[in-house]
Amino acid sequence: MSIGDEMYKWATDLFPYNRSITGKGVRQTLTYIKSILPNLRTKSIPTGEKVFDWTIPEEWNVESAYIITPEGKKIANFEDHNLHLVGYSESVNTVLTLDELQNHLYSISNLPEAIPYVTSYYKKQWGFCLQDKIRKKLSKGEYKAVINSSHTQGYLNYGEILIKGRDKKEILISTYVCHPSMGNNEISGICVTTALASWLNSVNNLRYSYRILFIPETIGSIAYISKHEKEMKENIVAGFVVTCVGDNLAYSFLPSREGDTLADKVSRHVLAHQVGEFISYSFLERGSDERQYCCPLIDLPVVSVMRSKYGTYPEYHTSLDDLSFISAEGMSGSYKVLKRCIESLEANHIYKKLVKCEPQLGRRGLYPNISQASNKRAEANMMNFIAYCDGEKSLLEIAEIIKAPIWELIPISEILIKENIIEKC
Amino acid sequence: MSIGDEMYKWATDLFPYNRSITGKGVRQTLTYIKSILPNLRTKSIPTGEKVFDWTIPEEWNVESAYIITPEGKKIANFEDHNLHLVGYSESVNTVLTLDELQNHLYSISNLPEAIPYVTSYYKKQWGFCLQDKIRKKLSKGEYKAVINSSHTQGYLNYGEILIKGRDKKEILISTYVCHPSMGNNEISGICVTTALASWLNSVNNLRYSYRILFIPETIGSIAYISKHEKEMKENIVAGFVVTCVGDNLAYSFLPSREGDTLADKVSRHVLAHQVGEFISYSFLERGSDERQYCCPLIDLPVVSVMRSKYGTYPEYHTSLDDLSFISAEGMSGSYKVLKRCIESLEANHIYKKLVKCEPQLGRRGLYPNISQASNKRAEANMMNFIAYCDGEKSLLEIAEIIKAPIWELIPISEILIKENIIEKC
Amino acid sequence: MSIGDEMYKWATDLFPYNRSITGKGVRQTLTYIKSILPNLRTKSIPTGEKVFDWTIPEEWNVESAYIITPEGKKIANFEDHNLHLVGYSESVNTVLTLDELQNHLYSISNLPEAIPYVTSYYKKQWGFCLQDKIRKKLSKGEYKAVINSSHTQGYLNYGEILIKGRDKKEILISTYVCHPSMGNNEISGICVTTALASWLNSVNNLRYSYRILFIPETIGSIAYISKHEKEMKENIVAGFVVTCVGDNLAYSFLPSREGDTLADKVSRHVLAHQVGEFISYSFLERGSDERQYCCPLIDLPVVSVMRSKYGTYPEYHTSLDDLSFISAEGMSGSYKVLKRCIESLEANHIYKKLVKCEPQLGRRGLYPNISQASNKRAEANMMNFIAYCDGEKSLLEIAEIIKAPIWELIPISEILIKENIIEKC
């Protein structure tokens, strides 16, 4: 099975769980991921614990939730779609008029088929989300609203994988496990991160160490940073929030706050050379966990390489962002770009020429070895690489200058080391 | 009376005085300003005193000046318009032919209604300026030219206001009092500077100190700098030459020599956010006292925020630049922009976040307080401000990054300080 | 005779010699140059000597070379055009079929009139170059290929001129003497370099020292650098590879590897102000001895100011790049631009104002002296020059800022020094 198909299968399995920032859906999701990634360590932080300016909320779980119409019909049933229930809704069992009920209903008038995704984590209330076409047809009369949910002293759960490389310096990969049944935002991030972790687990002799996180958004990253601040600041050289990587439309890029960190540079380079055209957003358009990783006093070099970015497509945060909105091809493309970013970082060494002036490549048989009749480009890449190999510029910087994909320079660097023309600094 | 109307009244009163680089017109002007700004201190430097590479010239005063035509008609009469007499003309009482007279006449052939403004400060001569349509009709015959003027050991006069703030660091505001009856260049500068000084006199607890100058152009600024060089270099953090601020056409900006001083940054920011489109000139197009303030060895951060810049409009340096060319609206607009520049400088502190990761604004009731139903922008400004509040960037730098007017960030900074989310560095 | 005509005469004389990287043609060329430049010192490095990663090759000389057709006709005769023989061809005297011969023939199908220029310096083989229209007409049958050439222990020859200036710091001027009978690439470089050296020989009291090289391309510059690395690195402040300076089409510029050295800045300034439009290439499009001078570990500030660059015009490296492709005008234009670059470097001092604020130019009679009635530009240049004369910026930097050609500022600097307004730092 291709990696794309595999990811799509995981997406299909994970889709129905009722994820939120806490609760059973998160634990089910982490258990599923652990079945693929045995080195996933699951952690929990108890309700009430202070994390920086925030407090871990009560755990929320749902038994059932629905509305009974005057006609006796059960609508907005949580069993049918977990988006029907406003996230973190409190229990209710009440009879009320349509007018009273309207204050608790959410729909989107210009997307009449969509169930919107609404939450109220930090203010207790209750509500139902439903298709606007259904809502429009509700008749006057008595409605019964039933929510059997619990807010209890419990845990915020997350998963963490630490992979040791030769270097203590780390690459951060972070995705979130708090979104219920939606595809691009955010089953896709979980699946692509799982695939990246699975690949990294299989690579021998990694240069960098890897910190891979499956956390609830915002409260999860805040909690995680509060517990690992020192080591993250010391070690992370580049990080990626993996989100909105499921559809097969244009690629997009959200930079770090600084905008020109190693993570920014490698992502832009890979996108430019592997994908070509992509949408460049500003950090002002941020909206996921880079809000925490990149904030002042934390200042980590974290970016997002995405497909259709949160907030930019009509299906966003509705039931229309479903399994048909994402695809094996979409996730596979995102996976390949992120894998390339990591491979590029792994290879991004500084090299120094050992030979003054140009080396005589001819007598080493390097032209025939490298440049086939038609392969002018490899020859130019080699000469240009040598021309900038000054012991100061990294492979990525040279690749940018000579306008070549860094991955075309990796085999060249290996040949030149073997021929004693360059050495790794 | 609105500040615009007030300024226009001052302009009307000040217009007729025969200002030059020395003489009674300057003293009359300073006396008038002192009636509005009691803390104006008037100073005088005697003729012959050396100021850097220059010498204070003799004082020039005029009793009367006119030409008698062969027909016995009195033309180019100084009593009718002080532009009729070439500035610093020496006394003369002579009869001469039209051809001989022509060497002493100045007019503008493509502006037949305009009396041009001509001076000869540093080479003694005499001359008359008149409408070209009058000059064209002069008949052959004997003309009598009469100038009763005096060049005497006297004084160069100027006015100075020093306002103490909490900080020794100063803002310089400089305008010039040497131009006779013209509106945009330069009654407007005097009036807008007077209004700014009047406002600053009324502000409690100013952060910066203010040095406000009413001086003759060039020789006046050179003389002033020669007497205050050390303190000006030590203290001035931003300065404004207030000139050509009277008409109601486009705004324009002349940068400092360095081009990116605090004065440049705040002016461009305020113009961009308050005015929108404006004309950006190069320092190579300079032409007023920034020539002295910004020159090497002095190097002050001084700019000009203007309306129609000297030298760029046809009425410039003619009688057509009169009270109808300027307006209450024009001066009021310039005043508001310069006031905003000063307010922005006063508020341009560096703030530091006290909270790691994003603060939980919800539990502080900050969303409802700040963001009304429709007020997404204030909410975005607050989140973006916090996201860049790193203890290094000034409020102005953050405003530029987050593309918000600095004055929208000032109330936000006050709320966040109160909530212990940020502190002033 | 104009310098253009003189250069064209030298080109005509030098054109027929069979130059290569070694051999008699190089020595004949150097002897001819020495007849114009008596201070040329000719040097030789023996075959087999190691120079960095390379080895001085055997010396190559040719007695005769031709093909006899089945019809008994002598074609591709080296006596007719030295491009007929592939450079460094080994001796051969053999009979072969047309099919066998084809493996040794070179022509250009879409330039049927051109004899291409082909060499094989570092791999022994033999071959002939001929017009494609001749090649197309060759009949089946037996051909005789005759090459009487020798590869012997000999020398690589080059010429060097060192001119001492007041300063040990040097300007490098380097051209190459290894190309046989072609005009733009590369008789033109030899002629323009000779003219520049002749001019420099005549200048009294030069500021910089000059190192002028007539060397074989690549192996010659590598060999020369290997013998003079330390002094070149210590002393060279700017260098020019003089190549492709013969035709009268657009000017072009190839920067140094760093891209913003003094050599880059002065060349771009002179081209912009003397020529106006010119083609800017990237260092990635390099192709001559800057490949050695600018490489990492050597890092000299060397650029090329050219007309039609090697590799960009259809006649390049063919017999069509002949004496009719170049002209006295073409070489003369290139000479003037390079001379201006050198004059600009000689004058590129740092000056400091001695007078605070603007100097009073009027009392020094500087306006009339400098600015004739119509000469507003000289006046503006003087005021602008003074306005940026801060003891830090060089004349070239000021010229760039005030958008004036540096050569218009040189006489101004002399007047201002005489008037004690500025001094040389």
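Before reading further, recall that the structure is shown in the block above.
For the structure given in this document, a descriptive report is provided here.

About the cut-offs
- Residues numbered from 1 in each chain as written.
- Chains lettered and ligands numbered in written order.
- Predicted model: local features only at pLDDT ≥ 70, side-chain atom pairs only at ≥ 80, totals over all residues.
- Heavy atoms only, no water.
- Least-squares fit on C-alpha atoms with pLDDT ≥ 70 in both.
- Contact = heavy atoms within 4.5 Å.
- Buried area = accessible area lost by both parts, 1.4 Å probe.
- Salt bridge = Lys/Arg side-chain N within 4 Å of Asp/Glu carboxyl O.
- Polar contact = N/O pair within 3.5 Å; in protein donor to acceptor, adjacent residues only side chain to side chain.
- Helix = DSSP H or I, 4+ residues; strand = E, 2+ residues; numbered from the N terminus.
- Nonpolar A, V, L, I, M, F, W, Y, C, P; charged D, E, K, R; others polar.
- Pairing = 2+ DSSP bridges.
- Axes fitted to C-alpha atoms, helices over the stretch in contact; angles between N-to-C directions.
- Buried < 20%, exposed > 50% of the residue type's maximum accessible area, 1.4 Å probe, protein only.

## Comments concerning the relation of the copies chain C and chain A
Piece 1. Rotating chain C by 120° and moving it 0.2 Å along the rotation axis overlays it on chain A with an RMSD of 0.1 Å. The relationship between the two copies is best expressed as a three-fold rotation axis. When C-alpha positions in chain C are compared against the rotation axis, the closest is assigned to C:Asp260, at 13 Å.

## So, the interface of chain C and chain B
Piece 1. Taken together, the contact between chain C and chain B spans 22 residues of the former and 20 residues of the latter.
Piece 2. With both chains or domains summed, chain C and chain B bury close to 1,700 Å², and 54% of this area falls on carbon and sulfur atoms.
Piece 3. The tally of links between chain C and chain B comes to four salt bridges.
Piece 4. One salt bridge connects B:Asp53 with C:Arg363, and the closest N-O pair in it is separated by 2.7 Å.
Piece 5. Linking chain C with chain B are ten residue pairs in polar contact (both at pLDDT 80 or more).
Piece 6. Elements supplying a minimum of two residues to the side of chain C that touches chain B: strand E17 (350-353), helix H11 (376-387) and strand E18 (390-394) of chain C.
Piece 7. With four residues, the top contributor of residues to the side of chain C that touches chain B is H11(C).

## Side note on the interface of chain C and chain A
Piece 1. At the interface, 20 residues of chain C touch 22 residues of chain A.
Piece 2. Here chain C meets chain A over a buried area of about 1,700 Å², counting both sides, of which 53% is carbon and sulfur.
Piece 3. For chain C, the biggest contributors to the area lost against chain A are C:Asp53, C:Leu284 and C:Leu297; these three give 36% of the whole.
Piece 4. Linking chain C with chain A are five salt bridges, by the criterion used here.
Piece 5. Summed over the shared surface of chain C and chain A, the number is ten residue pairs in polar contact (both at pLDDT 80 or more).
Piece 6. Counting only elements with at least two residues in the side of chain C that touches chain A, the list comes to strand E3 (54-55), helix H6 (219-235) and helix H8 (290-293) of chain C.
Piece 7. In terms of residues, the side of chain C that touches chain A owes the most to one element, H6(C), which gives three residues.
Piece 8. Residues belonging to the side of chain C that touches chain A are distributed by class as follows: eleven nonpolar, two polar and seven charged.

## Quick look at the sheet that holds strand E13 (residues 236-241) of chain A
Residue and element names in this part refer to chain A.
Piece 1. Strand order in the open sheet formed by eight strands is E1-E10-E12-E11-E13-E16-E14-E15, and the pairing between neighbours is mixed. One side of each edge strand has no neighbouring strand; the edge strands of this open sheet are strand E1 (41-46) and strand E15 (279-280).
Piece 2. Here five bridges tie strand E11 (residues 170-176) to E13, and the two strands are oriented parallel to one another. Bridge pairing in E13 links Ile171 to Ala238.
Piece 3. Strands in contact with helix H6 (residues 219-235) are E1, strand E10 (155-163), E11, strand E12 (209-215) and E13; relative to E12, the strand with the most contacts, it is inclined by about 170°.
Piece 4. Where helix H9 (residues 328-347) meets the sheet, it contacts E11, E12, E13 and strand E16 (302-306), and its direction lies at approximately 175° from that of E13.

## Observations concerning the pattern of salt bridges
Piece 1. A complete count under the given rule lists 74 salt bridges over all chains for this structure.
Piece 2. Put simply, B:Arg27 and B:Glu59 hold a salt bridge, and the shortest N to O gap is 2.6 Å. Here B:Arg27 is found in helix H2 (residues 24-36), whereas its partner B:Glu59 is found in strand E4 (residues 59-68), with 32 residues between them in sequence.
Piece 3. We classify B:Glu59 as buried; its relative accessible area is 6%.
Piece 4. For the salt bridge of C:Glu343 with C:Arg340, the shortest nitrogen-to-oxygen distance reads 3.9 Å. Here C:Glu343 pairs with C:Arg340, and both are found in helix H9 (residues 328-347), just three residues apart, close to one helical turn.
Piece 5. What makes C:Glu343 partly exposed here is its relative accessible area of 30%.
Piece 6. The class for C:Arg340 is partly exposed, based on a relative accessible area of 26%.

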